[in-house]
Amino acid sequence: MSDAMRAVERLSAPVGTTLSRFIVQEQKHFPEALGELSQLLADLSFAAKIINRDVNRAGLINSDGGVGGQNVQGEEQMKLDVVADIRFARALQRGGQACAIASEEMENFIDAGNHESRYIVALDPLDGSSNIDVNVAIGTIFSIYPRKSPIGTPPQLDDVLQPGTEQVASGYVLYGSSTVLVYTTGRGVNGFTYEPSLGEFFLSHPHMRTPENGRIYSINEGNWNDFPAGIRAYLDGARQRKLTARYIGSLVADFHRNLLKGGIYLYPPTVKAPSGKLRLLYECNPLAFIVEQAGGTATDGTRRILEISPGELHQRCPLYIGSKQMVEQVQNALKDTPEPPSQP
Ligand code: AHG
Ligand code: MN
Ligand code: MN
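Residues numbered from 1 in each chain as written. Chains lettered and ligands numbered in written order. Predicted model: local features only at pLDDT ≥ 70, side-chain atom pairs only at ≥ 80, totals over all residues. Heavy atoms only, no water.

## Notes on the site of ligand 1
Using the following cut-off: The nearness test applies per residue and asks whether one of its heavy atoms lies within 4 Å of the molecule or strand. Within 3.5 Å is the distance limit for a polar contact, defined as a pair of N or O atoms, with the added protein rule that one can donate a hydrogen and the other accept it, and that residues adjacent in sequence qualify only through two side-chain atoms. In short, Shrake-Rupley with a 1.4 Å probe defines the accessible areas, and a residue's cover is counted only from the protein chains shown. Whether a set of points on the 1 Å grid over the protein atoms alone is a cavity depends on a 1.4 Å probe fitting there but being unable to get out, while an open set qualifies as a pocket with protein on both sides within 12 Å along at least five of seven lines; lining residues are those with an atom within 4 Å of a point. If over half the atoms of a molecule are within 2 Å of the grid points of a cavity or pocket, the molecule is regarded as sitting in it. The numbering of helices and of strands both runs from the N terminus, where a helix is a DSSP run of H or I of at least 4 residues and a strand a run of E of at least 2. Here the term charged refers only to Asp, Glu, Lys and Arg, the term nonpolar to Ala, Val, Leu, Ile, Met, Phe, Trp, Tyr, Cys and Pro, and the term polar to all other amino acids, Gly among them.
Looking at ligand 1, there are 18 residues lining it, with Asp-127, Asn-220, Tyr-247, Tyr-265 and Tyr-267 nearest. Measuring from an oxygen atom of ligand 1, one finds a side-chain N or O atom of Asp-124 at 3.0 Å. Residue Ser-129 places a main-chain N or O atom 3.0 Å away from an oxygen atom belonging to ligand 1. Against a free-state accessible area of 470 Å², the protein chains account for coverage of 84% of ligand 1. The pocket occupied by ligand 1, as judged from atoms lying within 2 Å of grid points, is the largest pocket. Residue assignment for the shell around ligand 1 shows that the elements contributing at least two residues are strand 5 (119-127) and strand 13 (263-267). Across the shell around ligand 1, the residue classes tally to six nonpolar, five polar and seven charged.

## Notes on the pattern of salt bridges
As a reminder of what qualifies: The rule for a salt bridge is simple: a side-chain nitrogen of Lys or Arg has to be within 4 Å of a carboxyl oxygen of Asp or Glu. The cut-offs for exposure are 20% and 50% of the maximum accessible area for each residue type, with area from a 1.4 Å probe on protein chains only; residues under the lower value are buried, those over the upper are exposed, and the others partly exposed.
Going through the model one piece at a time under the given rule, you end up with 14 salt bridges. We note a salt bridge from Arg-118 to Glu-36, for which the minimum N-O separation is 2.8 Å. With Arg-118 in the loop between strand 4 (110-111) and strand 5 and Glu-36 in helix 3 (residues 36-57), this pair connects stretches of sequence that are 82 residues apart. The exposure class of Arg-118 is partly exposed, given its relative accessible area of 26%. Residue Glu-36 is classed as buried on the basis of its relative accessible area of 13%.

## Points about the coordination of the manganese ion (ligand 3)
To be explicit about the condition: Sodium, potassium and calcium take a 3.2 Å donor cutoff, other metals 2.8 Å, and in both cases only N, O and S atoms count; water is not among them, so sites may look incomplete.
For the manganese ion (ligand 3), the protein coordination sphere consists of Glu-104 (OE), Asp-124 (OD) and Leu-126 (O), at 2.1 to 2.2 Å. Counting the intervening residues between successive donors of the manganese ion (ligand 3) yields the motif E-x19-D-x1-L. Separating the manganese ion (ligand 3) from the manganese ion (ligand 2) is a gap of 3.8 Å, which Asp-124 spans by donating to each of them. Of this pair, Glu-104 sits in the loop between strand 3 (98-103) and strand 4 while Leu-126 is found in strand 5, placing the two residues 22 residues apart along the sequence. For the pair Glu-104 and Leu-126, a shared accessibility class is recorded, and that class is buried.

## Regarding the layout of surface pockets
Rolled over the atoms, a probe sized like a water molecule indicates the empty space that remains. Note the cut-off: Grid points are joined across faces, edges and corners, and a volume is the space filled by probe spheres set on the points. Start and end positions for the domains come from either an automated domain assignment or a database one.
Roughly 490 Å³ of volume is contained in the largest pocket. Elements that contribute at least two residues to the lining of the largest pocket include exactly strand 2 (76-78), strand 5 and strand 13. In terms of residue count, the dominant contributor to the lining of the largest pocket is strand 5 (three residues). Classifying every residue of the lining of the largest pocket gives eight nonpolar, six polar and 10 charged. Per-domain counts for the lining of the largest pocket show at least three residues from each of domain 1 (16-205) and domain 2 (216-336). In this structure, the second largest pocket occupies an estimated 310 Å³ of space.

## Details of unusual backbone geometry
Located in the positive-phi region is Asn-135, a residue other than glycine, with phi close to 55 degrees. Structurally, Asn-135 can be placed in the loop between strand 5 and strand 6 (138-146).

## So, a nonpolar patch on the surface
Operational definition: Patch rule: a residue counts if its relative accessible area is over 30% and it has no salt bridge; like charges are joined within 9 Å, and nonpolar side chains (Val, Leu, Ile, Met, Phe, Trp, Tyr) within 5 Å.
On the surface, a cluster of nonpolar side chains totalling about 320 Å² of accessible area is made up of Met-1, Met-5 and Val-8. Following the sequence through the fold, Met-1 ends up in the segment before helix 1 (3-11). Judged by its relative accessible area of 62%, Met-1 is exposed.

## A word on the packing of aromatic side chains
This is how it is decided: Two aromatic rings, drawn from Phe, Tyr or Trp (for Trp, its six-membered ring), form a pair once their centres lie within 6.5 Å of each other, and the interplanar angle then sorts them: stacked below 30 degrees, edge-to-face above 60, tilted otherwise.
Taken as a whole and judged by the stated rule, the model has six aromatic pairs. Both rings, one in Phe-22 and one in Phe-192, keep their centres 5.1 Å apart while their planes meet at 70 degrees; by these two values the pair is edge-to-face. Residue Phe-22 is found in helix 2 (residues 19-27), and its partner Phe-192 is found in strand 9 (residues 189-195); the two are separated by 170 residues along the sequence. The same class applies to Phe-22 and to Phe-192, which are both buried. An angle of 25 degrees between the planes, with centres 6.1 Å apart, marks the rings of Tyr-247 and Tyr-265 as stacked. Here Tyr-247, found in the loop between strand 12 (244-245) and helix 7 (251-261), pairs with Tyr-265, found in strand 13; they are 18 residues apart in sequence, far enough to count as distant. Linked through ring pairs, Phe-22, Tyr-183 and Phe-192 together constitute an aromatic cluster.

## A few points about the side chain of Thr-184
Tracing the sequence through the fold places Thr-184 in strand 8 (residues 179-184). Within the structure, Thr-184 has its side chain in polar contact with the backbone nitrogen of Gly-186 (distance 2.9 Å). In this structure the side chain of Thr-184 is engaged in a polar contact, spanning 2.7 Å, whose partner is the backbone oxygen of Gly-188.

## Considerations on the environment of Thr-193
As for its placement among the helices and strands, Thr-193 is situated in strand 9. Linking Thr-193 and Phe-289, residues 96 residues apart in sequence, is a C-alpha distance of 20 Å. Here Ser-204 takes part through its side chain, which lies 2.6 Å from a polar atom of the side chain of Thr-193.

## Details of helix 7
Counting buried positions along helix 7 gives nine out of 11 residues, so the element sits mostly inside the fold. Of all the residues in helix 7, the buried ones are Leu-251, Val-252, Ala-253, Asp-254, Phe-255, His-256, Arg-257, Asn-258 and Leu-259. Of the residues one or two after helix 7, Gly-262 is the one with positive phi, at around 95 degrees.

Set out below in structure tokens:
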């Protein structure tokens, strides 16, 4: 073969499978599907591309910093929290396939106006937002449910308050050293890396599986004195076994690393947050669906996360998520040492 032909061969190598093509191919496994879920995933990935652009330019376009107020949960709201919230809501409203949207940044769910559509979306538009201003990885988490109320009618709160077992899809985007989108529709987990020069996500992590056991534990150890005794006992054991401590403070980033490498992420109840800090509907449930699909486990210490019936939209719950054996060890430690967190 001549040099020129070799160059042609190299230059015309396949670029890989785009997310949009993958979604369409996946739809074939659901004969009853009408393409609505595919459209929803496309809308979410489009909004993620815009957020990715905004996140990458934070610091240049005055998009870093806070808005000077708090969200409904009393947390400082960053500009990009609000921007991401608006962008995802707009993409979903205009896409026409979401009848209701629940978000960390909104007190109540919103009726997206698409009463003929079948799906509810719950999301954390920007996760780890305290890391925005310091150029550390942040993310987006989403969860999709089929509605319970009849098609053609306005969505109800009960449509949003469903246990995680009812999810038809969930996923996250990690705006990190590269940007990845990972999702499941219950047929395993697949990850896609964003190629900025083409403006497309490409399949980079097919059939993701998490190791049964791992060596990484991720927890905010600054809360040590507030932890339940069982968690302190588990952490003592982890130190004795010389496990590796890694904590970014962006759930998506900590979760993604542990999913790939094997590990556990823990957010126990504390005195300040007696039910834990993380929110069931748009943080715990979507990641629990993914971790289970990848062969891992997610519990609140006693219950499978996906089986918890939510009573309210911004409900919090403790979270122990990751490699099966590590989560099991935490559950055993909590059983063996059942005291609640100490009081201040
Ligand atoms: P968010 O930015 O969406 O409010 O989420 C922050 C969460 C989560 O991403 C992270 O793992 C956790 O808060 C960190 O909490 P601590 O600062 O208490 O460790
Ligand atoms: Mn979050
Ligand atoms: Mn958030």
